[in-house]
Amino acid sequence: MGFFSTTKTIGILGGGQLGKMLLNTTRQWDIQTRVMDPSALAPARIGSNAFVQGDLMDYETVMNFGSSVDILTIEIENVNAKALADLEKKGVQVYPQAAVIQTIQNKCRQKDFYKNNSIPTAPFNLFESKESLKDAVGRGLISFPFVWKSESMGYDGYGVKIIRSNQDLETVNQGRCMAEDLVNIDKEIGVIVCRSVSGETVSYPSVEMEFHPTANQVEYVLSPARISNTTEKRAKEVALQVSKAYQHVGLLAVELFLTKEGEIWVNEVAPRPHNSGHYSIEASYTSQFEQHIRALLDLPLGNPENKVSGVMVNLVGAPNHQGPVHYKNMEHILAIEGVCPHIYGKKETHPFRKMGHITIVNKNLETARQIAEQVKETIKVISK
Ligand code: ADP
């Protein structure tokens, strides 16, 4: 405690939209922040008290930045984890802890973690190289179809490919990887858990994610998820099991598959604010961002339940548009009740770049979902 209206500082590695939204709470509570990002145009440069331009993967840069703050957190997991571990040794409070980041930075290590902690996840095999995977396929140890995942940090599906043939197999990158069973997915859902320094834990209601058919990006997030009470209970149970295993401090967004057979399997986690929790700014009693700050400062956690239903639409760059951004038809969507736009402040758009999001709140989830579709069809992120 003692962070309110003092010179104590929270440092945030990464200055994207997640950082920008975290800063709403620090501004509201007059908590001092320092943000570091490689881009001088980072969305979070404005709301912070001090902005440092720097490489998040560079050991010395992260050490210097981390040494200048009291608590260090992240809004992106691609950071130098060795520096975080050394900062912890020097007494900096690093949340999420370096060990959590080290585990999740590597998809293979993350999967092993679930296996070792008896957490339900899709069956998988790890391979040292593309060649050893091909060899296993050749000898009939692995059969088509399966999902190839690169060990190193992919995001939004870039390190993931469904492999149905030898031809598909030729297209994957070199390097350590896994072959995961292709899951018969009924729905993709998520549960955000928050855990404070002293171990108080709350979990948000499940959300349901709808994907864009071709871009493999989340198009709508629905809160609450349209699932049975039994499935909701099971999803929370699994998410809490994951949270307990990591012993993280701060948010943990747990991505889950609900299989056609009714099982809940963990796909992966993000130990930070997450796209699937943006709805909470308007629809929940406590937003994910405020909750994260509460957890880092070891304050009592807030109520994670919904006040109303919420549907979030990602506002992404239109295909075939590249250059200075223009948000077309904002005035039209703002005329609709319950429409809450967030513009991240990125100057340039390109196809499918996340430029903002819009949350639609309504007492009725289906009404919110319909309005979300109308909003999506109306607003366009184009270049001037
Ligand atoms: P990223 O880290 O790039 O987001 P994910 O592991 O979350 O990658 O995979 C991206 C998407 O690919 C998932 O949201 C899901 O739609 C699909 N996917 C991933 N693993 C599987 C699987 N084992 N079976 C079926 N679909 C999968």
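Since we're looking at a predicted model, the values are computed, not measured.

Engineer: Teacher, can you tell me more about the pattern of salt bridges here?
Structural biologist: Once the charged atoms of two side chains with opposite charge are near each other, the side chains can pair. Evaluated as defined, the whole model comprises 20 salt bridges. In this structure, Glu180 and Lys111 form a salt bridge, with 2.7 Å as the shortest nitrogen-oxygen distance. Of this pair, Glu180 sits in strand β9 (residues 177-181) while Lys111 is found in helix α5 (residues 107-116), placing the two residues 69 residues apart along the sequence. A relative accessible area of 2% means that Lys111 is categorised as buried. As a salt-bridge pair, Glu219 and Lys376 come within 3.6 Å of each other at their nearest N and O atoms. Of the two residues, Glu219 sits in strand β13 (residues 218-223) while Lys376 sits in helix α12 (residues 365-378), which places them 157 residues apart along the sequence. With relative accessibility at 16%, the residue Glu219 sits in the buried group. You can call Lys376 partly exposed: its relative accessible area is 22%. Three or more residues joined by partner-sharing salt bridges are found here, namely Lys187, Glu208, Glu210, Arg226, Glu366, Arg369 and Glu373.

Engineer: Any chance you could explain the pairing of strand β16 (residues 309-316) here in plain terms?
Structural biologist: With 8 of its 8 residues buried, β16 lies for the most part within the structure. Both faces of β16 are covered, namely the face carrying Ser309, Val311, Val313 and Leu315 and the face carrying Gly310, Met312, Asn314 and Val316. Bridging between β13 and β16 involves 4 bridges; their strand directions are antiparallel. Bridge pairing links Ser223 to Gly310 in β16. Bridge analysis of β16 against strand β20 (residues 354-362) gives 8 bridges, and the strand direction is antiparallel. Looking at β20, one finds that Gly310 is bridged to Val361.

Procedures and definitions
Residues numbered from 1 in each chain as written. Predicted model: local features only at pLDDT ≥ 70, side-chain atom pairs only at ≥ 80, totals over all residues. Heavy atoms only, no water. Salt bridge = Lys/Arg side-chain N within 4 Å of Asp/Glu carboxyl O. Helix = DSSP H or I, 4+ residues; strand = E, 2+ residues; numbered from the N terminus. Buried < 20%, exposed > 50% of the residue type's maximum accessible area, 1.4 Å probe, protein only. Pairing = 2+ DSSP bridges.

None of this, on its own, says anything about what the molecule does.
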